[in-house]
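Structural overview
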Amino acid sequence: MKKQIAILGSTGSIGTQALEVIEEHSDLYEVYCLTANNRVKELAEQARKFKPAAVVIANESHYEELKSMLADCPDINVYAGKQALDDIVTAGPIDMVLTAMVGFAGLSPTIQAIKAHKKICLANKETLVVAGELICKLAAENHAPILPVDSEHSAIFQSIVGEGDNKIEKILLTASGGPFRTFSTEQLATVTKDHALHHPTWDMGAKITIDSATMMNKGFEVIEAKWLFGVEADRIQVLVHPQSIVHSAVQFADGAVKAQLGVPDMRLPIQYAFSFPERLHLNGERLDLFKHNLEFFEPDLNKFRCLALAYEAINKGGNMPCIVNAANEIVNRGFLEDRCSFLDMPRIIERTMQTVAFDANPSYDTYIATDAEARRVAKELMG
Ligand code: NAD
Ligand code: MG
């Protein structure tokens with residue numbers, strides 16, 4: 001029986017690479033459902049090719065257009081809206097849900113998929129940043145495994161396979177450092193979105209590329225690692241590693257360090273999340289260690305304030321990471337639309353953290369309210 005996969009965010013960077021993996025292993029996997037937010041044409045093309053049982057366009061204003069584009073495909077059910085996303089992930093035939101959409105929008109469908117006992121292949125790290133505690137609790141209660149797709153977390157996961165109950169002493173989380181790794185604070189003051197959108201080692205969606213330039217992405221990944229692997233932030237060390245070859249490592253009680261290495265290629269962690277515990281063939285470049293000079297540096301938290309703010313949020317706990325995530329989504333969009341500068345981003349996030357009411361024991365409803373309030377405050381601060 002082929003495994004049935006739902007891809008949330010199929011038109012994005014992770015989504016399209018996931019479809020490459022599925023195409024390559026069409027004897028093992030089948031697409032049950034594809035979803036996107038706005039890219040109707042791409043979604044319709046993907047649907048024609050992969051023939052899923054359903055497609056969902058999150059932005060309802062595109063429904064008629066999508067429906068007419070697929071008018072000659074009566075076997076594909078077309079839906080629209082956020083509720084449709086929440087509903088479709090619970091469909092009986094689905095084995096795995098790949099969460100590859102951007103931002104807070106991933107929270108609700110991920111929760112529904114977990115409650116429906118689906119295996120979660122998690123790319124949407126914002127879900128764990130916002131509500132890691134709730135998600136882990138629900139996943140345990142519902143016996144829904146969460147497999148990491150983020151390359152660092154996949155590397156950590158690959159390093160602990162076979163270790164049984166052996167405790168993790170420390171996680172070594174690598175970061176490329178982004179395009180501004182060597183810049184001074186003065187230089188950071190004038191960088192543009194065009195420059196920020198040119199990541200040195202990874203080709204990704206716009207939001208995560210900006211998050212990589214500010215290093216907020218790495219802060220989010222510390223939070224993600226804490227929840228996925230049950231390791232507190234003070235035992236997660238960030239190492240700037242500009243070559244992006246060592247994807248992350250784990251240190252054990254005897255001092256042994258295990259890492260996963262490879263050329264930067266997101267298809268590997270995507271495929272491993274699908275196929276675990278098996279490894280499947282993957283076409284592509286093989287690592288030639290003679291070609292790479294591997295370097296490691298300490299991150300500069302004074303220059304990359306977003307990373308420091310993320311650590312602050314983890315230590316504070318409660319709804320603070322949710323506040324940071326919401327403020328970050330606003331300033332990230334603001335920077336992409338030339339409405340704030342690079343250094344405005346951490347300033348606005350920090351002020352939002354000081355303004356929005358703190359809640360040490362948030363419920364799902366708290367997260368929804370906190371997200372809305374933090375967005376409002378950050379927007380107001382951005383002007
Ligand atoms: P992207 O912008 O390339 O694609 C995002 C996809 O999600 C698109 O299909 C879009 O239509 C859909 N989408 C966007 N907003 C939505 C909404 N509100 N509701 C429903 N669908 C929506 O993004 P990406 O780079 O593929 O990243 C996706 C997720 O994976 C992010 O959480 C990111 O942090 C994570 N991730 C990405 C990479 C990477 O290499 N791109 C690596 C690690 C983790
Ligand atoms: Mg990553």
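Use the structure listed above.
Residues numbered from 1 in each chain as written. Chains lettered and ligands numbered in written order. Predicted model: local features only at pLDDT ≥ 70, side-chain atom pairs only at ≥ 80, totals over all residues. Heavy atoms only, no water.

**Brief notes about the side chain of Lys119**
Our working rule: Only DSSP runs of H or I reaching four residues or more are called helices, and only runs of E reaching two or more are called strands; each is numbered from the N terminus. The buried label goes to any residue with under 20% of its type's maximum accessible area, the exposed label to any with over 50%, and the partly exposed label to all in between, with areas taken from a 1.4 Å probe on protein chains only. The charge count treats Lys and Arg as positive and Asp and Glu as negative. His and the chain ends do not count. Salt-bridge detection follows one rule: a side-chain nitrogen of Lys or Arg within 4 Å of a carboxyl oxygen of Asp or Glu. The contact definition used throughout considers only heavy atoms, calling two residues in contact when any of these lie within 4.5 Å.
Note on placement: Lys119 falls in strand β6 (residues 119–122). Asp95 provides the closest opposite charge to the buried, salt-bridge-free Lys119, at an N-O distance of 9.4 Å. Sequence-distant contacts of Lys119, defined by excluding residues within four places in its chain, comprise Asp95, Met96, Val97, Pro145, Leu147, Ala273, Phe274 and Phe276.

**With respect to the packing of helix α14 (residues 320–336) against helix α16 (residues 364–382)**
Here is the rule we go by: Axis lines are fitted through C-alpha atoms, for helices just across the contact stretch, and the angle between N-to-C directions can take any value from 0 to 180 degrees. The labels follow the angle: roughly parallel below 35 degrees, roughly antiparallel above 145, roughly perpendicular from 65 to 115, and oblique for the rest. Crossing chirality is assigned from the near helix's rotation relative to the far helix, an anticlockwise turn below a right angle marking it left-handed and a clockwise turn marking it right-handed. Under the scheme applied here, ten amino acids are nonpolar (Ala, Val, Leu, Ile, Met, Phe, Trp, Tyr, Cys and Pro), four are charged (Asp, Glu, Lys and Arg), and all others, including Gly, are polar.
Between α14 and α16, the shortest axis-to-axis distance is 8 Å and the interhelical angle comes to 40°. On the basis of the axis angle, α14 is oblique to α16. The handedness of the crossing between α14 and α16 comes out as right-handed. In contact with Cys322, Ile323, Ala326, Ala327, Glu329, Ile330, Val331 and Gly334 of α14, α16 contributes Tyr367, Thr370, Asp371, Ala374, Arg375, Ala378, Lys379 and Met382. Its residues placed into classes, the contact of α14 with α16 shows ten nonpolar, two polar and four charged.

**Describing the coordination of the magnesium ion (ligand 2)**
Applicable threshold: Shown as donors are all N, O and S atoms within 2.8 Å of a metal ion, widened to 3.2 Å for Na, K and Ca; because water is not in the atom set, sites may appear incomplete.
Protein ligation of the magnesium ion (ligand 2) involves Asp150 (OD), Glu152 (OE) and Glu221 (OE), the donor distances falling in the range 2.1 to 2.2 Å. Mapping the donors of the magnesium ion (ligand 2) onto the primary sequence gives the spacing D-x1-E-x68-E. Residue Asp150 is classed as buried on the basis of its relative accessible area, which comes to 8%. Look at Glu152 and you get buried, because its relative accessible area is 8%.

**What about the pattern of salt bridges?**
The tally for this structure, following the rule as stated, stands at 22 salt bridges. Where Arg375 meets Asp371, a salt bridge forms, and the shortest distance between an N and an O atom there is 2.9 Å. Here the residue Arg375 and the residue Asp371 both occupy positions in helix α16, the gap between them amounting to four residues, near one helical turn. The class for Asp371 is buried, based on a relative accessible area of 7%.

**As for the sheet that holds β6**
Selection criterion: In this analysis, strands are considered paired if DSSP registers two or more bridges between them.
The parallel open sheet is built from seven strands, whose spatial order is β4-β3-β2-β1-β5-β6-β7. Here the strands that pair on one side only, and so sit at the sheet edges, are β4 (77–80) and β7 (146–148). Ignoring strand direction, the axes of neighbouring strands in this sheet form an average angle of 20°. In terms of strand pairing, strand β3 (residues 54–57) meets β4 through four bridges, oriented parallel. Note on β4: the bridge partner recorded for Ala54 is Asn77. Its contacts with the sheet put helix α1 (residues 13–24) on β1 (3–8), β2 (29–36) and β5 (96–99), and the angle it makes with β1 is roughly 165°.

**Focus: empty space enclosed by the protein**
Sizing a probe to match a water molecule and rolling it over the atoms shows the empty space that remains. Defined as follows: Of the grid points, spaced at 1 Å and generated over the protein atoms alone, those admitting a 1.4 Å probe that cannot get out make up cavities, while open sets with protein on both sides within 12 Å along at least five of seven lines make up pockets; any residue with an atom within 4 Å of a point is treated as lining. Grid points are joined across faces, edges and corners, and a volume is the space filled by probe spheres set on the points.
Counted under the stated rule, the structure contains two cavities of 30 Å³ or more. In this structure, the largest cavity occupies an estimated 70 Å³ of space. Lining the largest cavity we find Ser151, Ser154, Gln158, Trp202, His247, Gln260, Val263, Pro264, Asp265, Leu268 and Pro269. At the level of elements, α7 (151–160) and α12 (267–275) are the ones that each hand at least two residues to the lining of the largest cavity.

As far as function goes, none of this settles anything; it's purely spatial.
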